[in-house]
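As a plain string of letters, each chain reads:
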Amino acid sequence: MVLAPLRGVTIRAFRETFAAAIRDAGFTGAVAPFIPANPGFRGTDRVFADLLPGEEFDLPLVPQVISKDPDALRLFLEACKARGFDRADLNAGCPFPMIVRRGRGSGLFKNLDLFEHLVATGCEVMGPGKFSVKTRLGLVDADEIFKMLPRLDRYPLAHLTIHARTARQMYDGACDVARAVAVAEASANPVVYNGDVAWRDKNAMVTSRSGVTPLGSRVFAGVMVGRSFVRALGEREDAGELLADYIARSRAELSGDAPVLGRVKELVSYWTEMSRDWKRRWNAIKICRSLDELALAVR
Ligand SMILES: Cc1cc2nc3c(=O)[nH]c(=O)nc-3n(C[C@H](O)[C@H](O)[C@H](O)COP(=O)(O)O)c2cc1C
């Protein structure tokens, strides 16, 4: 079970703060939120800041890249290797219109030759079984993946992660689990299922909103879980202490109140869905304009 990349949420400060919870939940690794690799890419310390080794988080962490430029991708992957990473993941699923319009993320479905070129580059630089792809069923149509699959089959991926939606669906609407099963059955590479898997606890782990249990289905090599785990953190008795730790880590890393507030509001917004206490606090938290106000609001 892999922790999903959630940009702005499952960042380094989050992984460090919630390291024990992530481990106890049964996760065996995480994919980090995407890093863009555009022409002229330079792998500076700043670019790789989110991937710095943690003091607390000790599960395997896979860097993720978003790119439509094979040369920039190569530079990114070489930089990853130079920093000690032997795995990397390509984001071919981001649905945001600005990204898609520029042909990145799910926009790669508009240019399968380029999509394949990126996959070939990834496998060549990282080596067999060391590069993975995270994608969706398609951009508009849930069958688009089947056009790409024979091309992906030519490369020895670590695995293919399928978020069982189209990009047009963004993050809502039903996941097409049956279609994801069909992808897994047709794929030469192992397939990891993603989308609305409800994390509960280590033993009674997964049921999806659509009533299917992807982990129970043997066709999947694994499952990737994001939002349900983040939401569940708000139900912990020690959520307040952990949040204080998250704020402290974020303050040490960022300058000024605004970026810290942004981060905290994003995280707590997940907690309001499951917990009445956080819902009540949220009314005060969402209007905070300084960390002093926040300190009062989270009490
Ligand atoms: C706020 C947010 C940020 C995300 N950032 C990324 C990202 O950086 N890379 C990526 O591949 N997917 C990203 N995703 C998609 C998730 O990894 C995942 O595919 C999606 O949330 C469905 O899984 P879930 O229902 O378990 O959360 C993001 C999703 C959300 C809601």
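These figures come from a predicted structure and were not determined experimentally. (Residues numbered from 1 in each chain as written. Predicted model: local features only at pLDDT ≥ 70, side-chain atom pairs only at ≥ 80, totals over all residues.)

A.B. asks: Sorry if this is basic, but what is going on with the site of the ligand here?
C.D. replies: Surrounding the ligand, one finds 22 residues, the nearest of these being Ala4, Arg7, Pro33, Gly226 and Arg227. Of all the secondary-structure elements, those providing two or more residues to the shell around the ligand are strand 2 (29-36) and helix 8 (227-233). Split by residue class, the shell around the ligand holds 9 nonpolar, 9 polar and 4 charged. (Near = placed C-beta within 6 Å. Helix = DSSP H or I, 4+ residues; strand = E, 2+ residues; numbered from the N terminus. Nonpolar A, V, L, I, M, F, W, Y, C, P; charged D, E, K, R; others polar.)

A.B. asks: Please clarify how the nonpolar core should be interpreted in this entry.
C.D. replies: Across soluble globular proteins, nonpolar side chains show a tendency to be buried alongside one another. Of all hydrophobic cores here, the largest spans 82 residues; its most connected members are Val65, Phe76, Ile162, Val191, Tyr193 and Val225. With 7 residues, helix 10 (residues 257-271) is the largest single contributor of residues to this core. When we break this core down by domain, the ones giving at least three residues each are domain 1 (2-226) and domain 2 (239-297). (Core = buried A, V, L, I, M, F, W, Y, C linked by C-beta atoms within 7 Å. Buried ≥ 20, exposed ≤ 12 C-beta atoms within 10 Å, placed from the backbone. Domains from an automatic or database assignment.)

A.B. asks: Which parts of the structure should I look at to understand the pairing of strand 6 (residues 160-166)?
C.D. replies: When you tally the buried positions in strand 6, you get 7 out of 7 residues, the bulk of the element. Summarising the sheet, strand 5 (residues 131-138) and strand 6 pair through 5 bridges and their orientation is parallel. The partner of glycine 138 across the bridge, within strand 6, is threonine 166. Here 4 bridges tie strand 6 to strand 7 (residues 191-194), and the two strands are oriented parallel to one another. Residue pairing across strands places threonine 161 opposite valine 192, the latter belonging to strand 7. Remark: the strand 6/helix 7 (residues 177-186)/strand 7 crossover connection has right-handed handedness. (Pairing = 2+ DSSP bridges. Right-handed = clockwise from strand over helix to strand, strands pointing away.)

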